[in-house]
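Residues per chain, in single letters:
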Amino acid sequence: MRPQVRISVLAAAVLAACLLGPSAAGAEIVLPAGFTAQLHVTGEGFDSDTGRNARGIRAIASLAVDQAGVMYVARAGRRYSGGEFEYLWPLYRIPAGGARLTPETESRFLYGPPLTNVQIGALRGSRELFVSTFDRDRKLGGVFRIVDGRAEIFAGGTPEPGHAPLFVQPEGVAVDGAGGVYVADRERGVVVRLDGEGRVVDPRYLGVSRPRLVLADGEGGLWIGADGDAQAPWQAGPGEIWHVPSQGDPRVVARGPVAQGMSLGPGGHVFVADRHAGQVFALGPDGTRVELARFTNGDAPRGLGFAPVTPETRAAGMAGSLFVVVIRRSAWPVTEVVKITGPFDDLLRSGGR
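Residues numbered from 1 in each chain as written. Predicted model: local features only at pLDDT ≥ 70, side-chain atom pairs only at ≥ 80, totals over all residues. Heavy atoms only, no water.

Chemist: Whenever I open this one, the overall build of the protein chain confuses me. Can you help?
Modeler: Scanning the protein chain from terminus to terminus reveals three helices and 28 strands. Across the 353 residues that make up the protein chain, the buried fraction comes to 56%. Of the contacts formed within the protein chain by residues at least 6 apart in sequence, a portion of 51% connects residues at least 24 apart. For the protein chain, the accessible surface area stands at approximately 14600 Å², while carbon and sulfur atoms represent 49% of it. (Helix = DSSP H or I, 4+ residues; strand = E, 2+ residues; numbered from the N terminus. Buried < 20%, exposed > 50% of the residue type's maximum accessible area, 1.4 Å probe, protein only. Contact = heavy atoms within 4.5 Å. Areas by Shrake-Rupley, 256 points an atom, 1.4 Å probe, with all protein chains shown as cover.)

Written out as structure tokens, the structure reads:
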């Protein structure tokens with residue numbers, strides 16, 4: 001077995017002292033030897049429980065990193081319960097070096113218009129960011145394209161009179177190598193395929209029970225994370241992870257994990273955040289599973305994403321790093337983003353041994 005090391009987030013403060021606060025003392029991420037974890041985004045003053053006073057920014061659930069190393073993150077939405085205007089919120093735009101937010105400085109990091117229940121989908125090229133959004137009460141959703149902070153409807157939204165909406169609860173969005181777009185509609189139980197301009201190619205590309213995440217595999221195929229029997233993401237599954245190859249039939253690669261986040265890693269593996277098990281693991285198209293990180297002390301992973309390898313991300317020291325949204329000590333109203341670096345290729349080649 002490959003040796004494992006416990007990376008105390010307090011120890012990571014030596015590497016990221018400007019970000020880490022003392023409330024993280026004792027929190028640990030168990031990683032294989034050769035891997036390290038650093039705090040990339042945190043905050044102070046956002047936890048409504050003054051007694052707990054947990055560090056972190058307002059609860060976020062999804063992220064993406066562009067070719068310049070800029071990170072886009074979205075607040076968790078009102079998907080399954082009542083609520084008010086607080087879920088109408090812009091994205092956060094975090095510079096390549098990371099950030100520490102406070103209520104006084106938060107506005108500096110806001111990006112784009114306020115959107116309801118927004119979820120980061122995918123980046124296309126260096127500028128186009130796709131996000132999903134939906135109105136739970138109206139049972140109506142859409143996909144927006146955001147460029148330079150300006151948002152325009154790409155697909156879905158309010159239909160023409162007499163027509164049914166294209167989306168009810170769109171969540172995951174993926175972009176393939178040709179620029180085509182795939183959208184997971186959790187409420188309707190389908191993945192919809194669109195062309196590069198937002199026109200419908202196949203309204204039922206794949207029928208899946210409660211699909212929530214969708215990810216292009218880089219070879220013309222698709223990964224799909226579905227909640228399966230779980231009525232909500234905080235409930236135990238069993239969930240399902242599907243792989244749709246470019247040639248061949250769709251198949252369930254893993255049954256059990258309710259994936260909270262997915263990102264394509266080296267060698268065609270998908271990295272999965274399993275909030276219930278407190279783990280991040282890699283999954284191959286053949287179902288091979290390799291554990292990367294295990295979270296302790298009530299911490300749990302949520303969304304995740306790899307930084308692309310570009311001259312800009314190399315200069316920022318983040319090329320090929322995996323960024324993970326972490327709920328600290330079960331304090332779900334606030335979250336932090338951790339950067340994990342290490343020999344990912346070696347880990348996958350060895351199968352974790």
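Chemist: Please explain the sheet that holds strand β11 (residues 128–135) as it appears in this structure.
Modeler: The sheet built from four strands is open, its strands ordered β10-β11-β12-β13 with antiparallel pairing. Only two strands of the sheet have a single neighbouring strand rather than two, namely β10 (119–124) and β13 (150–156). Taking the axes of each pair of neighbouring strands and ignoring which way they run, one obtains an average angle of 30° across the sheet. Relative to β13, strand β12 (residues 140–147) runs antiparallel, the two sharing six bridges. Looking across to β13, one finds that R145 is bridged to E152. (Pairing = 2+ DSSP bridges. Axes fitted to C-alpha atoms, helices over the stretch in contact; angles between N-to-C directions.)

Chemist: Honestly, the pattern of salt bridges in this entry has me stumped. Any pointers?
Modeler: Note that side chains of opposite charge can pair when their charged atoms are close. For the structure on display, the rule yields 17 salt bridges. Residue D195 is joined to R199 by a salt bridge in which the shortest nitrogen-to-oxygen separation is 2.8 Å. Residue classification places R199 among the exposed residues on the basis of a relative accessible area of 54%. One network of salt bridges, in which partners are shared, links R124, E128, R145 and E152. (Salt bridge = Lys/Arg side-chain N within 4 Å of Asp/Glu carboxyl O.)

Chemist: Any chance you could explain the pairing of strand β16 (residues 190–194) here in plain terms?
Modeler: When you tally the buried positions in β16, you get four out of five residues, the bulk of the element. Bridging between strand β15 (residues 181–185) and β16 involves five bridges; their strand directions are antiparallel. In the strand pairing of β16, A184 is matched with V191. The antiparallel pairing of β15 with β16 creates a hairpin that spans four residues between the two strands, and G189 there sits at a positive phi of about 70°. Where β16 lies against strand β17 (residues 200–207), four bridges are found, and the strand directions are antiparallel. Looking at the pairing, R193 lines up with D202 of β17. Between β16 and β17, which pair antiparallel in sequence order, lie five residues; one of them, G198, sits at a positive phi of approximately 95°.

Chemist: Quick question: what am I supposed to make of the environment of Q67 here?
Modeler: Structurally, Q67 can be placed in the loop between β5 (60–65) and β6 (71–75). On the accessibility criterion, Q67 (39% relative accessible area) is partly exposed. If near-sequence neighbours (up to four positions away) are discounted, Q67 is found in contact with G125, S126, P308, T310, E312 and T313.

Chemist: Is there a simple way to think about the environment of H40 in this case?
Modeler: Mapping H40 onto the fold places it in strand β3 (residues 36–43). Residue H40 is classed as buried on the basis of its relative accessible area of 5%. For H40 and I340, which are 300 residues apart along the polypeptide, the C-alpha to C-alpha distance reads 9.6 Å.

Chemist: When you look at the packing of aromatic side chains in this model, what are you seeing that I'm missing?
Modeler: Two descriptors summarise a pair of aromatic rings, namely the distance from one centre to the other and the angle between the planes of the rings. The final tally for this structure, using the stated rule, is seven aromatic pairs. Between Y72 and Y111, the ring centres sit 5.3 Å apart and the planes meet at 55°, which makes this aromatic pair tilted. With Y72 in strand β6 and Y111 in strand β9 (residues 110–116), this pair connects stretches of sequence that are 39 residues apart. Consider the rings of F306 and F344, whose centres lie 5.2 Å apart with planes at 75°: the pair is edge-to-face. Linking F306 in strand β26 (residues 300–306) with F344 in helix α3 (residues 344–350), this pair joins segments that are 38 residues apart in sequence. Of the two residues, F306 and F344, neither departs from the other in class, the shared state being buried. Three or more aromatic residues joined by ring pairs make a cluster, and in this case those are F35, F271, F306 and F344. When the ring centre of W89 is taken as reference, the NZ or CZ atom of R75 above it lies at 5.0 Å. Sitting over the face of the ring of F281, R289 holds its NZ or CZ atom 3.7 Å from the ring centroid. (Phe/Tyr/Trp six-rings, centres within 6.5 Å; stacked < 30°, edge-to-face > 60°. Lys NZ or Arg CZ within 6 Å of the ring centre and 35° of its normal.)

Chemist: Got a minute to help me understand the pairing of β3 in this structure?
Modeler: Judged by how many residues are buried, β3 sits mostly within the fold: seven of eight residues are covered. Sheet topology note: the β3/strand β28 (residues 334–341) ladder contains five bridges and is antiparallel. Among the inter-strand pairings, Q38 is bridged to a residue of β28, identified as K339. Across three bridges, the pairing between β3 and strand β8 (residues 99–101) is parallel. Paired with V41 across the strands is A99, a residue of β8.

None of the figures reported here should be taken as evidence of function without further support.
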